[in-house]
Amino acid sequence: FAYTPLSHLVLGPANAALAHRRSGINLRPIDFEADEKDLVLGAAKLSDLRGKTLLDFSACVGCGRCHEACPAAQTGKALSPKRVMLTCAGYLEQGRTDDAGLIDELGREAIFDCTSCGACVEECPVSNSPAEAILEFRRHFVMDRSEMPDTMAAANRNLEARGHPFVGTAANPDDWRRGLEVPVYDPDASEYLLWIGCSVAYEERAQQVARAMVRILDAAQVSYGILEEPRCTGDPAKMMGNEMQFHEIATANIEAFHEMKVRKVITSCPHCFHTIKNEYPQFGGNYEVLHHSQVIDKLISEKKLQLDDKMNKRVTFHDSCYLGRWNAVYDAPRAVLQAVAQGDIVELPRRKQHGFCCGAGGGRMWQEEKGPRVNRNRTQEIIESGAEVAAVACPFCTIMITDGVKDAGVEEKVQVLDIAEVVRKSLKNIAAKKAEAAPESPPST
């Protein structure tokens, strides 16, 4: 029985019972204070992985659902999560748990193709997490072998030297708020810290989202403030495999938060949202964290925002992997669109927990992509929906879908807007009208 496919009748339910209760990818923390002999930097062989991951390999039924959902596999990349699982299962069956040749058989290119979208985790019928194993192998390549794709390595170095991964940017970190009166966080006067991450500070398209959010908060008279200097949460380092750098960034941010007595945080980036909400508690940073879609939804439902000039266009919504699959935030952005849009709201075929990645996750925002681009695959689905507006709720999705629309030559037919930008265009409040004196976009640099 144990050596036949019938074993999955036992292994499947057992594996599901031991699965993480939180959706998405749950990477184990690394204890960098451990003795050198006990310090494991990712995984090169099966014995480097924890027991639950090994059970995943045994429980895998080889159905291929992970492969069919994987954006890398579906765009011709080297990665196939099914192949990773079956290869590891083969090594386990042969007792090759200490064979470090495993990581090379899987291949560096395949390991770095992962966008960390979590689709493989969502689709697995026996609650396996191929992505966790893949990212453990990635950690080993980066922290033990010092190997990673060149463009990703450049972003990693920039993050270490300058505090953000955007290599070659001409943006000044204060450009996004020119012409706006944005308060600095005051523990005695600010209810929320409005987290301005690296994408807003250093990427021109994302800057417009932050400006829209500031005007929304001002219109609703929300008490908030920002840090004097923008910071990165460390998510890019973590997802690129540099857990040590993430640890340093996270602990420094948490120390700063404690000094400023931060209690509540608003972020426009799902990556920042997830990191502060779910990763920082491992280091003693516990805060109430809200994504801006949740805040806007709450302000609208409490009638603190007066909406006018509702958008009369056909709209669709692209689910961000880190907001949706990783944190199950599906209703808030859709409720916001329902309140603002007069035209049709259409759902994409791949949506909510089954949504398709934009291609920027897992540090691939800073990696050259071979073969068909993931963002073009997703953009084509948006175009086929007939939507005139593609609404998003993530700065990376904004960038990637905007690029996809341009590449398809339909930028005059399909407009890509963050939900904060959609709401900003509908505001009637006096505070919003007063903000009209400021330019709609920051001056170009």
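Notes on the structure follow.

Conventions used here
- Residues numbered from 1 in each chain as written.
- Predicted model: local features only at pLDDT ≥ 70, side-chain atom pairs only at ≥ 80, totals over all residues.
- Heavy atoms only, no water.
- Helix = DSSP H or I, 4+ residues; strand = E, 2+ residues; numbered from the N terminus.
- Rg over C-alpha atoms; globule rule 2.2 N^0.38 Å.
- Buried < 20%, exposed > 50% of the residue type's maximum accessible area, 1.4 Å probe, protein only.
- Contact = heavy atoms within 4.5 Å.
- Areas by Shrake-Rupley, 256 points an atom, 1.4 Å probe, with all protein chains shown as cover.
- Lys, Arg positive; Asp, Glu negative; His and termini not counted.
- Charge placed at Lys NZ, Arg CZ, Asp CG, Glu CD.
- Axes fitted to C-alpha atoms, helices over the stretch in contact; angles between N-to-C directions.
- Parallel < 35°, antiparallel > 145°, perpendicular 65-115°, else oblique.
- Salt bridge = Lys/Arg side-chain N within 4 Å of Asp/Glu carboxyl O.
- Pairing = 2+ DSSP bridges.

1. Description of the overall build of the protein
Right, so step 1: When its secondary structure is counted, the protein shows 20 helices and 8 strands.
Right, so step 2: Taken over C-alpha atoms, the radius of gyration comes to 22 Å for the protein, in line with the 22 Å a tight globule of 445 residues would show.
Right, so step 3: For the protein, the C-alpha atoms occupy an extent of roughly 70 × 50 × 40 Å along the three principal directions.
Right, so step 4: Put simply, the protein has 445 residues, and 58% of those count as buried.
Right, so step 5: Counted over contacts in the protein with a minimum sequence separation of 6, partners at least 24 positions apart contribute 80%.
Right, so step 6: Carbon and sulfur atoms provide 47% of the accessible area of the protein, an area that totals close to 18,700 Å².
Right, so step 7: Put simply, the protein has 52 plus and 62 minus side-chain charges, and the middle of one group is 4 Å from the middle of the other.

2. Observations regarding the packing of helix α17 (residues 374-384) against helix α18 (residues 395-407)
Right, so step 1: The interhelical angle for the contact between α17 and α18, taken along N-to-C directions, is 75°, at an axis separation of 8 Å. Classified by the angle their axes make, α17 and α18 are roughly perpendicular. When α17 is examined against α18, the residues Asn-375, Arg-376, Arg-378, Thr-379 and Ile-382 are found in contact with a partner set consisting of Met-400, Ile-401, Asp-403, Gly-404, Val-405 and Asp-407.

3. A word on the pattern of salt bridges
Right, so step 1: Within this structure, the stated rule accounts for 26 salt bridges.
Right, so step 2: Across the salt bridge formed by Arg-28 and Glu-136, the nearest N and O atoms sit 3.0 Å from each other. Of this pair, Arg-28 sits in the loop between α1 (8-17) and α2 (51-59) while Glu-136 sits in helix α8 (residues 130-144), and the two are 108 residues apart along the sequence. Grouping residues by exposure puts Arg-28 and Glu-136 together as buried.
Right, so step 3: A salt bridge links Glu-381 to Arg-350, with the nearest nitrogen and oxygen atoms 3.2 Å apart.

4. Brief notes about the sheet that holds strand β3 (residues 264-267)
Right, so step 1: Here we have 4 strands laid out as an open sheet, ordered β2-β1-β3-β4, and parallel in their pairing. Every interior strand has two partners, whereas the edge strands, β2 (224-225) and β4 (288-291), have only one.
Right, so step 2: In the sheet, strand β1 (residues 192-195) pairs with β2 via 2 bridges, with the strands oriented parallel. Within β2, the residue paired with Leu-193 across the bridge is Gly-225.
Right, so step 3: Strands β1, β3 and β4 of the sheet are contacted by helix α14 (residues 270-279), whose axis makes an angle of about 165° with β4.

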